[in-house]
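Descriptive structure summary
What follows is the residue order along each chain.
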Amino acid sequence: MEDFEFLRNITIGQYLPGDSIIHRLDPRTKISVFLFITIAVTFSVSYTGNIILVLVTLSLVLLSGVSMRYVFSGIKPAIPIIIILATLQLLLYGEGFVPYGMQSKTYFHWGIIHITNGSVQLVIVSAMRFVELLFLTSLLTNTTTLANITHGMENMLRPFSRIGVPSHELSLVATIALRFVPLLAEQLEIIMKAQASRGADIAHKGKLQFVTTARQVAVLIVPLFIDAFRRAEDLILAMQARCYVGGRGRSSLVQLRFARMDYVAYALSLVFSAVMLVFRNSFPF
Amino acid sequence: MSREPFIQVNDLHHNYLRDTPLEVTALRGVSMEIHKGESVGIIGRTGAGKSTVVQHFNGLIRPREPGKVIVDGQDLSDPQVDVRRIRQKIGLVFQYPEQQLFERLVGDDIAFGPKKLGMEQADRRERVKWAMEMVGLDFEEFKDRFTFSLSGGEMRKAALAGVLALQPEMLILDESTSGVDPRSRKELLGRLLALHKEHGLTLAFVSPNMEDMAGLVDRIYVMDKGRVVMSGTTREVFSQPERLREHGLGVPQVTEVAHELIGRGVPVERIPVTVEEGEEEIWKILNS
């Protein structure tokens, strides 16, 4: 049975009101913590390192009070692609890949297919990294309003405006991009409902389902884009009507202020990420 | 009127964003019945759940336990049901027409439904022509126009034509005629009413505006906060302005005037719901 409510599947970028420690942190702190740990994740290739990172990010999500089910429901639509990628990695990546902390061992070899302990490690580590990044993104976007993220970003980029970085414009672009995600989901829902109401076969079941789905998506893209452009034009008009002129001399309603918790979070995440980076090659396996 | 209702809705509940922390309740136990050949109004202020209910009628939203939606004898909670056939029988025109035109050219957009029905090219052309005439869009002038270059009112007409082209047994208009200029609106509704009277087209109008309903519908369901709070014939519902006001709704101006007259001790025999009826009543009072 078809379900048109795509908004239900979009969990990343959706602010959930709450009053946890994480919610109360300054957005700049959260963005920095996010960046620090993301760097640690990017450079961590060992099992040990990733186990530590999964545990740390998991406990942070638990601390934020966002439900695990909600965090994971966001990746449901992506699961088929993840499985395909993982399978390709497992089958084709084994040759010449040296696993971290152990001797190379080939489990299976036939033609271009190499399954080694290296490719197994790669798949498992990739999966763990994926989960870590998912946790981090959810941590930032589920606990911070879009307005605050933008505000924080703009604030952090401001020092660079001396060398010509348009900090206000950049953060505005990011905000609008994020804001359009749920709008596009809603629009997709409306178009699909309109097509279904006029006899389009949305929930087609059968052998060639994959092909028909792809064709249907192609039919949806054009009206979706036309609508996105129309909305963008409306947005320009609305901004001009309110005399929007850009970042120069613009004051803001909310003044960001660091509290003691922010310094603690900053220091802890910086030290943690530094340790993870420096010792990334010292883990036993 | 057949005894078995065409659409039967029983204890319908619906939550948007189900299973997420942002879940919102839209329906809290709605029951309705619509018979073949009837013209029914569903009114309520914004957020009452009107659009959610009508999307159940053609299976865009499927009922969840314990709710039941039975359309023409078929239970829509059964996943095996052929919803495409249901959707051909029950045409739904949405609230925002500019969001439901998805082809490039007006003619192609209206032909989408007939094409999906597997009609031949020549029949399709006839069908599109008929549908466009019904809504008052000139076939030759509009068929090759870009859908996104239409004005708001024209878009509404085109969207309506796209649904009419399926020749449904029932037509649901979800605020689909607001924004159409008064004259074309009157013509359009006149043609729909003709279809209703001559061919037994079942009609359902969804609107927050009472004025829209007067003279169009036989029965009214009033919704508020996800429930049906009042129901009855148009006259029955309009004769209770206080209760309607409680639910954030008004009555047509002419009905308002009649209630005002009664309040000042003028005997009004029959509460009018249309301007014509009002005129008749006032003549009666003046002549007596």
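First, a word on what this report is: a plain description of the structure on this page. (Residues numbered from 1 in each chain as written. Chains lettered and ligands numbered in written order. Predicted model: local features only at pLDDT ≥ 70, side-chain atom pairs only at ≥ 80, totals over all residues.)

1. Here's the deal with the overall build of chain B
A tally of regular secondary structure across chain B gives 12 helices and 10 strands. Relative to the compact-globule value of 19 Å for 288 residues, chain B shows a C-alpha radius of gyration of 20 Å, a close match. Along the longest, intermediate and shortest principal axes, the C-alpha atoms of chain B span 65 × 50 × 40 Å. Burial status across chain B gives 44% buried among its 288 residues. Here the contacts in chain B between residues at least 6 apart in sequence split such that 62% fall between residues at least 24 apart. (Helix = DSSP H or I, 4+ residues; strand = E, 2+ residues; numbered from the N terminus. Rg over C-alpha atoms; globule rule 2.2 N^0.38 Å. Buried ≥ 20, exposed ≤ 12 C-beta atoms within 10 Å, placed from the backbone. Contact = placed C-beta atoms within 7 Å.)

2. Points about the pairing of strand 1 (residues 7-16) of chain B
All names here are of chain B. With eight bridges joining them, strand 1 and strand 2 (residues 24-34) adopt antiparallel strand pairing. Of the residues in strand 2, the one forming a bridge with His14 is Leu27. Here strand 1 runs beside strand 4 (residues 68-71); their pairing, made up of four bridges, is antiparallel. Along strand 4, the bridge assignment pairs Gln8 with Ile70. (Pairing = 2+ DSSP bridges.)

3. Some details on helix 11 (residues 253-263) of chain B
All names here are of chain B. Among all positions of helix 11, only Val254, Thr255 and Ala258 are buried. The buried residues of helix 11 occupy an angular sector of 100° when projected down its axis, which confines them to one face. Among the exposed residues of helix 11, those pointing more than 90 degrees away from its buried face are Glu260 and Gly263. Phi turns positive, to about 90°, at Gly265, one or two residues after helix 11. (Arc of directions from axis to C-beta.)

4. Brief notes about the nonpolar core
Grouped together as the largest cluster of nonpolar side chains are 82 residues, with contacts concentrated most on Ile42, Ile110, Ala158, Ala161, Ile172 and Ala204 of chain B. Top element by residues in this core is helix 6 (residues 152-164) of chain B. It accounts for seven residues. One finds Ala40, Val56, Leu60 and Leu140 of chain A within the second-largest nonpolar core, a separate group that totals 19 residues. (Core = buried A, V, L, I, M, F, W, Y, C linked by C-beta atoms within 7 Å.)

5. Let's talk about the interface of chain A and chain B
On the chain B side, the residues contacting the 23 residues of chain A number 25 residues. Among the elements that line the side of chain A that touches chain B, the one with the most residues is helix 8 (residues 167-197) of chain A, at eight residues. Of the residues that constitute the side of chain A that touches chain B, the class distribution is 12 nonpolar, five polar and six charged. (Nonpolar A, V, L, I, M, F, W, Y, C, P; charged D, E, K, R; others polar.)

6. Regarding the packing of helix 3 (residues 106-116) of chain B against helix 4 (residues 121-135) of chain B
Residue and element names in this part refer to chain B. Relative to each other, helix 3 and helix 4 sit at 120°, their axes nearing to 9 Å. As summarised for this structure, helix 3 and helix 4 are arranged oblique, according to the angle between their axes. Judged by the sense of rotation from one axis to the other, the crossing of helix 3 with helix 4 is right-handed. Two secondary-structure elements touch here, helix 3 through Gly107, Ile110, Ala111, Pro114 and Lys115 and helix 4 through Arg124, Arg127, Val128, Ala131 and Met132. Taken together, the residues of the contact of helix 3 with helix 4 sort by class into six nonpolar, one polar and three charged. (Axes fitted to C-alpha atoms, helices over the stretch in contact; angles between N-to-C directions. Parallel < 35°, antiparallel > 145°, perpendicular 65-115°, else oblique. Left-handed = near helix turned anticlockwise from the far one by under 90°.)

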